[in-house]
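Here is how the chains run, residue by residue.
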Amino acid sequence: MSDVDQHQEVSSPPPDLSWRKRYWKKNVRVLVVLLSIWAFVSLGLSVLLIEPLNNFEILGFPLGLWFAHQGSIITFILITLVYAVWMDRIDSEFGVSEKPGGDKA
């Protein structure tokens, strides 16, 4: 190759990867929101606020006890489903979806 050919290959502009920073920022926002909800339900309602919640009942069971046993598990499952749907939408928005036709990179 001549010097001109090598110079043309080197001087091509780098691909625009700024979308990756925006994608990661949205991803982190989703994680922070959902982990905050998880921490509030798991620690807040199930441990810290169990006594005041026990003054209320669901199907004959104290609400604090219900959150400690069933509510935390149900909330965790719902958070997992919400995360999957939310990230699918973000992936589609940025063209990195696992579905056919969603490749950007």
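Anything mentioned here points back to the structure above.
Below: a short report on this structure. Source: prediction; values computed, not measured.

The rules behind the values
- The numbers attached to residues start from 1 for each chain and follow its sequence in the written order.
- Residues qualify for local features only when their pLDDT is at least 70, as the model is predicted, and side-chain atom pairs are given and counted only at 80 or more; totals for whole chains, interfaces and linings, by contrast, use all residues.
- Computation of side-chain values covers all heavy atoms of the structure but excludes hydrogens and water.
- Strands are runs of DSSP state E lasting at least 2 residues, helices are runs of H or I lasting at least 4, and numbering of each runs from the N terminus.
- Partly exposed residues are those whose accessible area sits between 20% and 50% of the maximum for their type, while under 20% is buried and over 50% is exposed, using a 1.4 Å probe and protein chains only.
- Throughout, a residue-residue contact means that at least one pair of heavy atoms, one from each residue, lies within 4.5 Å.
- A 1.4 Å probe and the Shrake-Rupley method give the accessible areas. Residues count as covered only by the protein chains that appear here.
- To obtain each axis, a line is fitted to C-alpha atoms, and for helices this fit is confined to the stretch in contact; angles are then taken between N-to-C directions over 0 to 180 degrees.
- Here the word oblique covers every angle except those under 35 degrees (roughly parallel), over 145 (roughly antiparallel) and from 65 to 115 (roughly perpendicular).
- Ten residue types, Ala, Val, Leu, Ile, Met, Phe, Trp, Tyr, Cys and Pro, are classed as nonpolar, four, Asp, Glu, Lys and Arg, as charged, and the remainder, Gly among them, as polar.
- Any two rings among Phe, Tyr and Trp, with Trp reduced to its six-membered ring, count as a pair given centres within 6.5 Å; such a pair is stacked if its planes are under 30 degrees apart, edge-to-face if over 60, and tilted if neither.

Regarding the overall build of the chain
Consideration 1: Scanning the chain for helices and strands turns up four helices and two strands.
Consideration 2: When the helices and strands of the chain are listed from N to C terminus, the series reads α-α-α-β-β-α.
Consideration 3: By residue count, 23% of the 105 residues in the chain fall in the buried class.
Consideration 4: In the chain, 55% of the contacts between residues at least 6 apart in sequence involve partners at least 24 apart.
Consideration 5: Carbon and sulfur atoms provide 66% of the accessible area of the chain, an area that totals close to 8200 Å².

Regarding the packing of helix 2 (residues 18-48) against helix 4 (residues 63-94)
Consideration 1: Where helix 2 contacts helix 4, the axes come no closer than 9 Å and their chain directions differ by 170 degrees. Here helix 2 is positioned roughly antiparallel relative to helix 4, judged by the angle of their axes.
Consideration 2: For the contact of helix 2 with helix 4, the per-class residue count stands at 20 nonpolar, seven polar and four charged.

What to know about the environment of N27
Consideration 1: For N27, the location among the structural elements is in helix 2.
Consideration 2: Take N27: its relative accessible area is 8%, and that puts it in the buried class.
Consideration 3: It is 7.9 Å that separates the C-alpha atoms of N27 and I90, two residues lying 63 residues apart in sequence.
Consideration 4: The contact partners of N27, leaving out residues within four places of it in the chain, are Y83 and M87.

Considerations on the packing of aromatic side chains
Consideration 1: Here the structure, examined in full by the defined rule, presents three aromatic pairs.
Consideration 2: On the basis of an interplanar angle of 65 degrees and a centroid distance of 6.4 Å, the ring pair of W19 and Y23 is categorised as edge-to-face. Taken together, the positions of W19 and Y23, both in helix 2 and four residues apart, correspond to about one turn of that helix. When sorted by exposure, W19 lands in the same class as Y23, which is buried.
Consideration 3: A ring pair is formed by W66 and F67, whose centres lie 5.3 Å apart and whose planes are at 80 degrees; its orientation type is edge-to-face.

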